[in-house]
Amino acid sequence: MNYQPLLMNFEEAVELAKELGKDSLLGHALSRDITQTDAYMTTVGIEVPGHGEGGGYEHNRHKQNYIHMDLAGRLFLITGEQKYRDYIVDMLTAYATVYPTLESNVSRDSNPPGKLFHQTLNENMWMLYASCAYSCVYHTLEESQKRQIEDDLFKQMIHMFVVTYGHDFDIVHNHGLWAVAAVGICGYAINDQESVDKALYGLKLDKVSGGFLAQLDQLFSPDGYYMEGPYYHRFSLRPIYLFAETIERRQPELNIYEFNDSVIKTTSYAVFKTAFPDGTLPALNDSSKTISINDEGVIMATSVCYHRYEQTEVLLGMANHQQDVWVHSAGLTLSHAVEAADEIKPFSWGSLFITDGPKGEKGGVSILRHRDAQDEDTMALIWFGQHGSDHQYHSALDHGHYDGLHLSVFNRGHEVLHDYGFGRWVNVEPKFGGRYIPENKSYCKQTVAHNTVVVDQKTQNNFNTALAESKFGQKHFFLTENEKLQAMSGTISEYYDGVDMQRSVLLAELSEFEKPLVIDVYRILSSEQHQYDLPYHYTGQIIRTDFGYQVESKLKPLGENSGYQHLWKVASAKVEGSSLVTWLHDSSYYSLVSTASPGSEVVFARTGANDPDFNLRSEPALILRQQGQDHVFASVLETHGYFNESIEASIGARGLVQSVTVLGHNATGTVIEITLTSGKVYHFGISNRSSMIDVDGPQSGEHKVEFNGVTYQWKGATAQL
């Protein structure tokens, strides 16, 4: 039998070896992997630890063992050095010796335990990478070595996943992807086609109830979006690409890369397209604030998409930003392309709307991007998709956050208005074992932790997962034809009883301003009186306000529940007409100017209350508060000036926007007025027409409203009047 390694045949390894020592992306990746693997092999050697905490020593040692076996496998093929082969054989033999005798670990959540890890997800990952390594040395092994490793290790692991925990194997879910990929790759590695078929087609072999093809067919929206958000989506790319590459090599007749209209490409691009200009991924649902396109799965996806789908400038821009490629023939293709390019511009996917839901029917994510003459990017994002929960898989693993119509804004190198992300210190064992901290539920998931309206200090959908899963928002309009005035709008209904909301965000390039203005118009309709809070979470130091405020002499929490118990009330003020707050972050000033109706209040808050273990990061927030029935919050975020302490430079510390006023709103439209310090006035009209009433496209038609005796007219969803 002509056995070939799973991800790299012998001929490809020869080509990759030519990059050793070269000043190229692949050359650097190889040098890094050699240094890292040699150091691990030397300092740790062969160690198979017992059970331990989720983020503890034993967990990390098992994890590092499979990572370095995988690296060693590729390095053995590329360099031919015997030490890498011996390391893999010795490590796999050591595991095979003890694995049959191990008891199950202790589960720390609702995910069942493996023998090595406290959840089978990690055991799936171990087997997947160990199988890849095994395939690299298979041709060097004696039959007795194969029998021990396969019979006492891999076949026992497969039995655990497809028999012992067979009830989880066919679940269409992020974890399910790892399960089928692990079993499929291991099946290929040990020539067990029966297991491969179960991984491909499900335990019933029907291609619908489970298996990799069902995952690819059912897990993503038509635009490729995954309901749990980019953080979990990028994690799914690794098993997708590792399994797809293996399938393409062992069963090319399946045409896996063309399956379901090339869904592998579509879903990869959905991750790429959500990234902020600095490469970090937006924190939609439970999410790290640091995960970026430098994630291993995204690097794989970038390399393979360039190699197998299309050679585009934006993919070159991503690779240039990543400064990394997959050590694989696809990575070689991309590395050569970057090396040959005369100029590579920063990547930008432009403005776009990505649908959520299996048929694209459950709202989505709207993103506006603007690139100026200095190649600096401004990005605004609003989210109004389905609740990002894996409740169908394990009720205790609900990763969804309750923040419909959340807004994030990015420019000048960082997230200006930001989301907190998840409450977790990943693999930091003293912090709740590296798992989710209790405050993830009591604060991070709560609506007040996000930049969206909170009604009566309560969380959307009563913090009820089943209720939230029945709700989703809708796109109201999305306009990007005019680069100088881009706009997006979404709606949510009955996230609070009897309350409907519409949020419209405009990115307006105006001659006086250094960067586009972000105009945020949040309309609320209700038949009853409520308290409306609109939090804006930012980073930086308050520089000035245009109103007086009362500082609290003794800090108290803002409330008793729904996340408010974790916010210190630092200061507050009654405001009327308009309010302005300016803060400094790094070298830029930011001013938020907002409408203020009679009775309006501005509250300055900071996380940290009722947090005895210091689990939460200490971060500031600005809350606009209003009592009323129907109400419109209108705010303008202005980026201005420059600060450099080292040369004692401060330019433009005061912005140009003086006030923002809502002139009126009704079922047809909303009109706002922005007054500058120069006295110049801008007016913008926003369509409120419901597409449920006018299915022929009400946003593109003529709009005419009258407020305070003045008539305003415009055409289209939004316009500068």
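The residue count restarts for each chain, going from 1 along the sequence in the order it is written. The predicted origin of the model limits local features to residues at a pLDDT of at least 70 and limits the giving and counting of side-chain atom pairs to 80 or more, whereas totals for whole chains, interfaces and linings rest on all residues. Neither water nor hydrogens contribute to the side-chain values; these are computed over all heavy atoms in the structure.

The name that an unreviewed UniProt entry assigns to the chain is Chondroitin lyase, with the source organism given as Vibrio casei. Here the chain is described in UniProt, under the heading Subcellular location (unreviewed entry), as follows: "Periplasm". UniProt positions are given in the numbering used here, feature names are shortened, and annotations may be inferred rather than shown by experiment.

## Let's talk about the overall build of the chain
When its secondary structure is counted, the chain shows 17 helices and 25 strands. By the compact-globule yardstick of 27 Å for 721 residues, the chain fits well, its C-alpha radius of gyration being 27 Å. Overall size of the chain, expressed as C-alpha extent along the three principal axes, is 90 × 55 × 55 Å. Approximately 26700 Å² of the chain is accessible, and the part contributed by carbon and sulfur atoms is 49%. Across the chain, the mean location of the 55 positive side-chain charges is 2 Å away from that of the 90 negative side-chain charges. Counting from the N terminus, the helices are DSSP H or I runs at least four residues long and the strands are E runs at least two residues long. Our radius of gyration looks at C-alpha atoms and nothing else; its globule reference is 2.2 Å times the residue count to the power 0.38. Surface exposure here means Shrake-Rupley accessible area, sampled with a 1.4 Å probe, where a residue is shielded only by the protein chains that are shown. Residues scored as positive are Lys and Arg, those scored as negative are Asp and Glu, and His as well as the terminal groups of each chain are ignored. By convention, charge coordinates are those of NZ in Lys, CZ in Arg, CG in Asp, or CD in Glu.

## Brief notes about the pattern of salt bridges
Pairs can form between side chains of opposite charge whenever their charged atoms are close. By definition here, a salt bridge exists when the distance from a side-chain nitrogen of Lys or Arg to a carboxyl oxygen of Asp or Glu is within 4 Å. Scanning the model with the defined rule gives 32 salt bridges in all. For Asp372, the salt bridge identified is with Lys515, shortest N-O distance 2.3 Å. Here Asp372, found in the loop between β2 (364–371) and β3 (377–383), pairs with Lys515, found in the loop between β9 (499–508) and β10 (517–526); they are 143 residues apart in sequence, far enough to count as distant. Pair check on accessibility: Asp372 and Lys515 agree, each one buried. Burial classes: relative accessible area under 20% of the type maximum marks a residue as buried, over 50% as exposed, and values in between as partly exposed (1.4 Å probe, protein chains only).

## Notes on the packing of helix α5 (residues 120–137) against helix α6 (residues 143–164)
It is at 11 Å that the axes of α5 and α6 come closest, and there the two elements cross at 150°. Judged by the twist between their axes, the crossing of α5 over α6 is left-handed. Across from Thr120, Glu123, Asn124, Trp126, Met127, Ala130, Ser131 and Tyr134 in α5, the residues of α6 making contact are Lys146, Ile149, Glu150, Leu153, Phe154, Met157, Ile158, Met160 and Phe161. Convention adopted: a line fitted to C-alpha atoms gives each axis, helices being fitted over their contacting stretch, and angles between N-to-C directions are expressed from 0 to 180 degrees. Two helices crossing with the near one rotated counterclockwise from the far one by less than a right angle form a left-handed crossing, whereas a clockwise rotation gives a right-handed crossing. Contact criterion: two residues are considered in contact whenever any of their non-hydrogen atoms come within 4.5 Å of each other.

## Observations regarding a nonpolar patch on the surface
Like-charged residues are merged into a patch within 9 Å and nonpolar side chains (Val, Leu, Ile, Met, Phe, Trp, Tyr) within 5 Å, provided each residue has over 30% relative accessible area and no salt bridge. On the surface, Tyr642, Ile647 and Ile651 cluster together to form a nonpolar patch covering roughly 310 Å² of accessible area. Exposure remark for Ile647: the relative accessible area of 56% places this residue in the exposed category.

## Here's the deal with the pairing of β3
Burial of β3 is extensive: seven of the seven residues sit out of reach of the surface. Residue alternation in β3 divides its side chains into two sets, Asp377, Met379, Leu381 and Trp383 and Thr378, Ala380 and Ile382, and both sets are buried. The sheet contact formed by β2 and β3 spans seven bridges and is antiparallel. Pairing of Leu368 across the sheet is with Ala380, part of β3. Where β2 hands over to β3, the hairpin turn is made up of five residues, of which Asp375 adopts a positive phi near 60°. DSSP calls a pair of strands paired once it identifies at least 2 bridges connecting them. Summarising the sheet, β3 and strand β4 (residues 406–411) pair through six bridges and their orientation is antiparallel. Bridging across to β4, Ala380 finds its partner in Val409.

## Examining the nonpolar core
Within the largest apolar cluster, 133 residues are counted, with the highest numbers of intra-cluster contacts made by Leu92, Trp126, Phe154 and Tyr241. The element best represented in this core is α5, accounting for twelve residues. Where each domain begins and ends is defined by an automated method or by a domain database. The two domains that each donate at least three residues to this core are domain 1 (1–167) and domain 2 (352–417 + 430–457 + 464–720). Ignoring anything within four residues of it in the chain, the contact list for Trp126 reads His62, Tyr66, Met69, Leu92, Tyr95, Leu116, Phe117, Leu153, Phe154 and Met157. To qualify as a nonpolar core, a set must consist of buried Ala, Val, Leu, Ile, Met, Phe, Trp, Tyr and Cys residues joined through side-chain atoms within 4.5 Å.

## What about the sheet that holds β3?
Either a parallel or an antiparallel arrangement is found when strands of a sheet pair, and the pairing is made through backbone hydrogen bonds. As summarised here, the arrangement of the five strands in space is β1-β2-β3-β4-β5, forming an open sheet in which the pairing is antiparallel. This sheet does not close on itself; its edge strands, each paired only once, are β1 (352–355) and β5 (414–417). With direction set aside, neighbouring strand axes in the sheet form an average angle of 20°.

## With respect to a negative patch on the surface
A cluster of acidic residues, Glu313, Asp342, Glu343 and Asp375, forms a negative patch at the surface. One can find Glu343 in the loop between α15 (329–340) and β1.

## Quick look at helix α13 (residues 296–309)
The end-to-end C-alpha distance of α13, which contains 14 residues, comes to 19 Å, matching closely the 20 Å that a straight helix rising 1.5 Å per residue would cover. Within the span of α13, buried status applies to Gly297, Val298, Ile299, Met300, Ala301, Thr302, Ser303, Val304, Cys305, Tyr306 and Tyr309. If you follow the buried residues of α13, they end up packed against α11 (230–250), α12 (259–274), α14 (313–322) and α15. Under the rule applied, a polar contact is a pair of N or O atoms within 3.5 Å (in protein, one hydrogen donor and one hydrogen acceptor; residues adjacent in sequence only if both atoms are side-chain atoms). Measuring from the backbone nitrogen of Gly297 back to the side-chain oxygen at the start of α13 gives 2.9 Å, which picks out Asp295 as the cap. Any helix carries an expected span of 1.5 Å times its number of residues minus one.

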